[in-house]
Structure formats: structure tokens, C-alpha cells
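Coordinate analysis (summary)
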Amino acid sequence: MTQLDSTLPATETLLPETTAERILAAGMDCFAREGFAGATTRMIAAQAGVTLPVIAYHFGNKEGLHRACANAIVEQYRRRLLPLVSSARAAADSDAITREEARQWLETILLALVSAITADAEQRLSTDFVLREMSEQGPGFALLFAELWQPGIALVADLLGMARVQEGSPQPDRIGAVMLLAALSAFTREEAISRPFLGWERIDDARHDEIGAAALRLLRGLIG
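All of these numbers come straight from a predicted model, not from anything done at the bench.

What follows covers the overall build of the protein chain. When you go through the protein chain residue by residue, the secondary structure sums to 11 helices and 0 strands. Traced from its N-terminal end to its C-terminal end, the protein chain shows the element sequence α-α-α-α-α-α-α-α-α-α-α. In summary, the protein chain has a C-alpha radius of gyration of 19 Å against a globular reference of 17 Å for 224 residues, a match within 12%. With the C-alpha coordinates aligned to their principal axes, the bounding extent of the protein chain is approximately 60 × 40 × 30 Å. Counting across all 224 residues of the protein chain, residues that qualify as buried make up 40%. Within the protein chain, contacts between residues separated by at least 24 positions form 74% of all contacts whose residues are at least 6 apart in sequence. Per element, the accessible surface of the protein chain, about 11600 Å² overall, is 57% carbon and sulfur. A distance of 4 Å separates the average location of the 21 positive side-chain charges in the protein chain from that of its 29 negative side-chain charges.

Listed below in C-alpha cells is the structure:
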């Protein structure tokens, strides 16, 4: 197998250009900061520079806007990571994958995720929205679970089992996959704690490499 390059393509420009895009960006920001329950359409309208009827015209109501934010994140994921994930899934489902190939796929996926969560501010906004949904579910939660979390965690768990080549229940690998992916939140949701503790002013390219190296050490510990 030729290991795929873990470098992500350049982030698409997400700067709002239309009224609907401005509302979507403002909604994603407010939902990420306040959660679905705490964010109000009045708050979102003020940030987007529109009136309440304009939000209703484009998205129906707050629930519709929240689902639209979740759908935008899924579409972003499909553009940025789905080719890699689809190739890894096909390899995992084949009968020919070796233990070393499974490990290489896991490393590639993990480094791609590290790149995604430590990307520019626009990408981080999507990440913050997703992390908020993990702890405080809104109308878009089911879509994110079905399209992002469930297939992603299942793929990592399957590859962990193949890399370890051990018989028995898949449950330890499923638990390991959850713990491995959850560790990345240290540099998203818990960044306000992590950066001061580590003495970092910001996460630049050098810090990104350090995070990636640490993530790979965690992975190798799970593989054994």
C-alpha cells in the first residue's frame, strides 16, 4: 500500500459573501459559543447584520439554521477528509490488509485529524461547533453522529484491531478508538488549559508537529 499524504488541501474560503452565508457563519459562531439552547435568533441576527424575518426566510427557524450549520460541516468534511477515509475504509474491508498497512492507515488518519483541528480560524469554528454538540446536543447532532462520528470511530476501531491482530471481543479496540480521538480535544475545547500549561502562546507549525508526534505515540501504545 502507498501511504497517503496526510497534508490537507488548502482550506476553502468560508468568508460569508451572501446574506445566507453571513447568517450561517454567525449561527455557527453563536451555537459554538452558547450552545443551541443559549443562542438566540436575535443574537444571531445582530451578529449577521440582518433582521429576524431574514433568518426565517433563509432557514425557517433556529432549528433549521442549526441543522444547516451541521450540514455545512458535513459537506466540509466530505471535501477535506472523505477521500482519505473512504480509501482507508476500503482497505480495512479488504481481505489483503496487513498489520503494518493498518498501522500506516491509522497514522495517516490521525495526522490528518491533527491537521484539521489545528487549522485556521475558519476551520476551528467548525471544530468548536462540533465539540459543543458533543456535550450539548442540538437538532444537528443526529446528522453529525451519523455522518462523522459513528463511521469515523468505527473505522479507527477496526484498524486498531487489524493492527494488533488479536482475537476476541472488538470492545477494547472500540474503547481505544474513542479514547484516542477524544484526546485531540486537548487542543480544541481544552486549549485554554493546555496552552498555558505547555507555555505556548499559539499553535504554530512547530507546535503542530509536536502534537502530531505525541498523537502517534498514543497510537503506538494502543497497538502495543
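The full count for this structure, using the stated rule, is 5 aromatic pairs. With a centroid separation of 6.2 Å and 25° between ring planes, the pair formed by Phe-141 and Phe-145 is classed as stacked. One end of the pair, Phe-141, and the other, Phe-145, are both in helix H8 (residues 141-164), 4 residues apart, so they sit about a helical turn from each other. Residue classification places Phe-141 among the partly exposed residues on the basis of a relative accessible area of 25%. An aromatic cluster is built from Phe-31, Phe-36 and Phe-129, whose rings are joined through pairwise contacts. One Lys or Arg, Lys-62, reaches over the ring of Phe-36 and ends 4.4 Å from the middle of that ring.

In this structure, Phe-129 and Leu-159 are the most contacted members of the largest nonpolar core, which totals 58 residues. Counting residues per element, this core draws most heavily on H8, at 9 residues. Look past the residues within four positions of Leu-159 in its chain and what remains in contact with it is Ala-92, Ile-97, Ala-102, Trp-105, Leu-106 and Ile-109.

In regions of low pLDDT, the predicted coordinates are not meant to be interpreted in detail. On average, residues of the protein chain score 86 in pLDDT, and 91% of them are at 70 or above. Confidence drops under a pLDDT of 50 for residues 1-15, and excluding neighbours within four residues, the segment shows 32 contacts in the predicted structure.

To continue, consider the side chain of Thr-108. Note on placement: Thr-108 falls in helix H6 (residues 99-117). Overall, Thr-108 belongs to the buried group, its relative accessible area being 0%. Here Gln-104 takes part through its backbone oxygen, which lies 2.9 Å from a polar atom of the side chain of Thr-108.

Along the chain, His-66 falls in helix H4 (residues 62-80). Residue class for His-66 comes out buried when judged on its relative accessible area of 0%. Once residues lying within four places of it in the same chain are set aside, the contact partners of His-66 are Phe-31, Phe-36, Phe-129, Glu-133, Gly-138, Pro-139 and Gly-140.

Our next topic: H8. Taking 1.5 Å as the rise per residue, H8 with 24 residues should run 34 Å; its terminal C-alpha atoms sit 32 Å apart, in good agreement. Where H8 bends most, the angle comes to about 30°, and this point is Trp-149, followed within four residues by the proline Pro-151. Within the span of H8, buried status applies to Leu-144, Leu-148, Trp-149, Ala-154, Leu-155, Val-156, Ala-157, Leu-159, Leu-160, Gly-161, Ala-163 and Arg-164. Positive backbone phi, approximately 50°, marks Val-165, located one or two places after H8.

Conventions we followed
- Residues numbered from 1 in each chain as written.
- Predicted model: local features only at pLDDT ≥ 70, side-chain atom pairs only at ≥ 80, totals over all residues.
- Heavy atoms only, no water.
- Helix = DSSP H or I, 4+ residues; strand = E, 2+ residues; numbered from the N terminus.
- Rg over C-alpha atoms; globule rule 2.2 N^0.38 Å.
- Buried < 20%, exposed > 50% of the residue type's maximum accessible area, 1.4 Å probe, protein only.
- Contact = heavy atoms within 4.5 Å.
- Areas by Shrake-Rupley, 256 points an atom, 1.4 Å probe, with all protein chains shown as cover.
- Lys, Arg positive; Asp, Glu negative; His and termini not counted.
- Charge placed at Lys NZ, Arg CZ, Asp CG, Glu CD.
- Phe/Tyr/Trp six-rings, centres within 6.5 Å; stacked < 30°, edge-to-face > 60°.
- Lys NZ or Arg CZ within 6 Å of the ring centre and 35° of its normal.
- Core = buried A, V, L, I, M, F, W, Y, C linked by side-chain atoms within 4.5 Å.
- pLDDT = per-residue confidence, 0-100.
- Polar contact = N/O pair within 3.5 Å; in protein donor to acceptor, adjacent residues only side chain to side chain.
- Expected span 1.5 Å × (residues − 1).
- Bend = angle between axes of the 7 residues up to and from the residue.

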